[in-house]
Structure formats: C-alpha cells, structure tokens
Amino acid sequence: HLIINLLEKVANQEDLRNNFVFEGYGGCVETTDNSTMESLKKHIKFRGAYNRQELPELLKHTDVVILPAIWSETYSLVADEVLSLGIPIITTNLGAIAERVREYNVGWVSKSASTDALLEVLASLASNPNELPRMKANVQQYPLISYETMAQRYLQEYTNFEVRQYDRNKSM
C-alpha cells in the first residue's frame, strides 16, 4: 500500500507530521495490519467508505488530495471530482492523472510511483507554503466539462472512427 507506507513515513517525521492533517477515505484500512493502523491513528483520521454525494462535504476543508496511481490509468473520475471542488492534486508520474496535473498545472507530480518520491513532494510543499495558494488559483482555471459533454465527445470520436474505417474499407 503506497499511501499507507507514505503515511507511516510522515507520522515518523515531526516536521511533516506537524504541517499536515491527513484523513483517509475508502477501503485501504481493512487491508492493513492492525499494528500499523494503531500507530497511524495517532496522526491520521480514517473515515472509511463514503458515497459520491458526500464528497463535497467531506472535502470542504481539504487543501490537497493525494491520488497515487501505481499503474498507467487511462482516466480518473476521482481526479475530475477533486478538481471540480477546487482542490489541487498530488499524484505519481503514471497515467492520465499525472498528464492532466502537468498539462493544466493543477497540482504536483512525483518523480516516480514510490513512497519516497511522494514524501519529497510533501516536504517541498511544507517548505514552500506559497505554492498551495498559487496551485489553488490554477485549479480554478481548470476546464470542467460535464459527463454528458464528455459522452457526446466520445460518441463523436467513435462515429468519426467508424466513418474513416468504412471509407478505407470501401476504397480497397
């Protein structure tokens, strides 16, 4: 568990532990051994599973969300939801989340998909407190589109692809 390992390291570094408040959502708690969880509970609040509709309320006091991709995902609805709430993202250097964070400058991308690389990003953020307001301003410029518009764009792409395929086959 990349995020659990990261939280263990943060919990053991007083300078970072005192700069961040961590809250964990989702199912990672159930799959982590009890001794690790007990030591982390001193510094981190684990909230468990949530409904999508609860996300705005759960994240209303959140400054940044960590979405550590461990493989090259093609898209992330969670990233869309976080950005739509005006919250910057910290992610690893893999896949669609990293591509969007870089392209729109709406967060920070670690050098690799490792605990130490994410820890480096947190340490940099802690030592450069002016970065967060700057990044939050960038997120406000992020071009949000509705899921309906996105679905229409995908449908148009598939239609264009089908027409090109048909035209190519017709000319053979």
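Heads up: the structure comes first, above all this text.
A short tour of the structure in this document, coming up. Each chain has its residues counted from 1, running along the sequence as written. Reporting in this predicted model follows two pLDDT cut-offs: at least 70 for local features of residues, and 80 or more for side-chain atom pairs to be given and counted; totals over whole chains, interfaces and linings ignore these cut-offs and use all residues. Based on all heavy atoms of the structure, the side-chain values leave hydrogens and waters out of the count.

1. A look at the overall build of the protein
Runs of E in the DSSP output that reach at least two residues are strands. Runs of H or I that reach at least four are helices, and both are numbered from the N terminus. The number of helices and strands found in the protein is 9 helices and 5 strands. N-terminal to C-terminal, the α/β element order of the protein is α-α-β-α-β-α-β-α-β-α-β-α-α-α. For the protein, with 172 residues in total, the buried portion stands at 35%. As displayed, the protein offers around 10,900 Å² of accessible surface, 50% of which is attributable to carbon and sulfur atoms. For every residue, the accessible area obtained with a 1.4 Å probe (protein chains only) is divided by the maximum for its type, and the residue is called buried under 20%, exposed over 50%, and partly exposed between those limits. For accessible areas, the Shrake-Rupley method is used with a probe of radius 1.4 Å. Any residue's cover is judged against the shown protein chains and nothing else.

2. Considerations on unusual backbone geometry
Backbone geometry at Asn-105 places phi at a positive 50°, although glycine is not the residue there. Of note, Asn-105 is situated in the loop between α6 (95–104) and β5 (107–109).

3. Structural notes on the pattern of salt bridges
Between Lys or Arg on one side and Asp or Glu on the other, a salt bridge is scored when a side-chain nitrogen of the former is within 4 Å of a carboxyl oxygen of the latter. Under the defined criterion, the tally for this structure stands at 7 salt bridges. The salt bridge partner of Arg-52 is Glu-81, with a shortest N-O separation of 2.2 Å. Taken together, the residues span a long stretch of sequence, with Arg-52 in the loop between β2 (44–48) and α4 (55–58) and Glu-81 in helix α5 (residues 77–84) at a distance of 29 residues. On the basis of relative accessibility, which here comes to 14%, the residue Glu-81 falls in the buried class. A salt bridge links Lys-136 to Asp-63, with the nearest nitrogen and oxygen atoms 3.0 Å apart. Of this pair, Lys-136 sits in helix α8 (residues 131–140) while Asp-63 sits in the loop between α4 and β3 (65–67), and the two are 73 residues apart along the sequence. On the basis of relative accessible area, Lys-136 is assigned to the partly exposed category, the value being 26%.

4. What about α6?
For α6, every residue scored as buried is listed here: Gly-95, Ala-96, Ile-97, Ala-98, Arg-100 and Val-101. Considering only its buried residues, α6 is in contact with β3, α5, β4 (89–91) and β5. One or two positions beyond α6, positive phi appears at Asn-105, with a value near 50°. Here a residue-residue contact requires only that any non-hydrogen atoms of the pair lie within 4.5 Å.

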